[in-house]
Amino acid sequence: MPELVFLSLLWYACGMDFSDLSPAVRPRFVAETSFTLAASDCQSNLKASLPALERLLQEAAGLHAEALGVGIQALQRAGFTWMLGRLALRLHRSPAWREQLRLTTWPSGIRGRLMAERQFVLETEAGERLLEASSEWLCVDMARGRLAKLPESAAQLANAETLAFGLCTAKLPPVPAEEPCGEAVFNVRRAEIDANRHVNNVHYAEWMLETLPEEVFFCGTPRTLDIEFKQAAHLGDTVVSRTYSLGSGRFLHSITSPAGVLLARASTGFSAP
């Protein structure tokens, strides 16, 4: 593991309000970024979309990994890369266009030797908490196309008492055998390919939400997103997005190949506006 490099991010050991927690459970390494929510991150109601929130979390994770000396470019030079395995978020209120926001993230440990865990909190500048999220990341050997074991020193970025929300612990339900309430076919475009030369994780969420009932997409208030990535889609691939209603504003989503190979699945929850 490369030495820790402290760059221009704001670093601190307990700068968030963890007053209700003992010092032992505060994150060891925490990074914070502040920004204004752009119009391009909003839906027609001028509130942040779920894919936009996913993109913001991904960017914060990437910047922080870079500051730790283990960013994607550093890993790729050594023949490895990061891939997102799962992301789960719980949304209390959707941020609005031009709202001043503060996003905080920290590594929260490793599971086994293959999974790195990371947590997020999004707040207003006034301190109102808008969401918390958990994520799981995999290190991949690019030449072999196989998962790589994380070095034991990766555990030094957290300890057993580091604050974690545990949003990725529950198993997602299997894809139902019933007919979906929405279905669409997409062809992978050049604009959807990322630094790993496959579809970026944000576009899977976009494909999924495109098959929601129209009234939910435009009028529903998002509350939860739990998305799990199984296999990568590449330029020129065709993918099939299906959405299944579970009732009470809850939905299950799948992205598959035309032959039925599962690429990603997710659950979402919405409340009435």
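All of the points below concern the structure found in this document.

The rules behind each value
Note on numbering: residues in each chain are counted from 1, in written sequence order. Where totals are concerned, whole chains, interfaces and linings use all residues; where local detail is concerned, this predicted model gives features only for residues with pLDDT of at least 70, and gives and counts side-chain atom pairs only at 80 or more. No hydrogens and no water enter the side-chain calculation; it runs on all heavy atoms of the structure. Comment: elements are numbered from the N terminus, with helices defined as DSSP H or I runs of at least four residues and strands as E runs of at least two. Classification of residues uses two cut-offs on accessible area relative to the type maximum, computed with a 1.4 Å probe and protein chains only: under 20% is buried, over 50% is exposed, and between them is partly exposed. The term polar contact refers here to a pair of N or O atoms within 3.5 Å; inside protein, the definition further demands a hydrogen-donor-capable atom paired with an acceptor-capable atom, and it admits residues adjacent in sequence only when both atoms are side-chain atoms. By definition in these notes, contact holds between two residues if any of their heavy atoms fall within 4.5 Å. Only centres within 6.5 Å qualify two rings of Phe, Tyr or Trp (six-membered ring in Trp) as a pair; their planes then separate them into stacked at under 30 degrees, edge-to-face at over 60, and tilted for everything else.

Let us look at the side chain of Thr211. As for its placement among the helices and strands, Thr211 is situated in the loop between α3 (201-209) and α4 (214-219). Residue class for Thr211 comes out buried when judged on its relative accessible area of 4%. Of note is the side chain of Thr211, whose polar atom sits 2.5 Å from the side chain of Thr243. Among all residues touching Thr211, those that are not within four sequence positions of it are Gly182, Glu183, Ala184, Ser241, Arg242 and Thr243.

What follows is about unusual backbone geometry. Within the chain, Arg98 stands out as a residue other than glycine whose phi angle is a positive 70 degrees. Relative to the helices and strands, Arg98 is located in the loop between β3 (80-91) and β4 (100-111). We classify Arg98 as exposed; its relative accessible area is 56%. Even without being a glycine, Ser248 presents a positive backbone phi close to 55 degrees. Within the element layout of this structure, Ser248 appears in the loop between β10 (238-247) and β11 (250-256). By relative accessible area, which is 75% here, Ser248 ends up exposed.

Quick look at the packing of aromatic side chains now. According to the stated counting rule, one finds six aromatic pairs in the structure shown. On the basis of an interplanar angle of 70 degrees and a centroid distance of 5.4 Å, the ring pair of Tyr204 and Trp207 is categorised as edge-to-face. One end of the pair, Tyr204, and the other, Trp207, are both in helix α3, three residues apart, so they sit about a helical turn from each other. Overall, Trp207 belongs to the buried group, its relative accessible area being 3%. Between Phe251 and Phe270 the ring centres are 6.2 Å apart and the planes differ by 75 degrees, which places this aromatic pair in the edge-to-face class.

Moving on, we get to the environment of Arg93. Within the secondary structure, Arg93 is located in the loop between β3 and β4. Residues Arg93 and Glu128, 35 residues apart in the sequence, show an inter-C-alpha distance of 9.4 Å. In this structure Arg93 touches Glu99, Thr124, Glu128, Leu130 and Arg223, once residues within four positions along its chain are discounted. Looking at Arg93, its side chain comes within polar contact range of the side chain of Glu128, at 2.9 Å.

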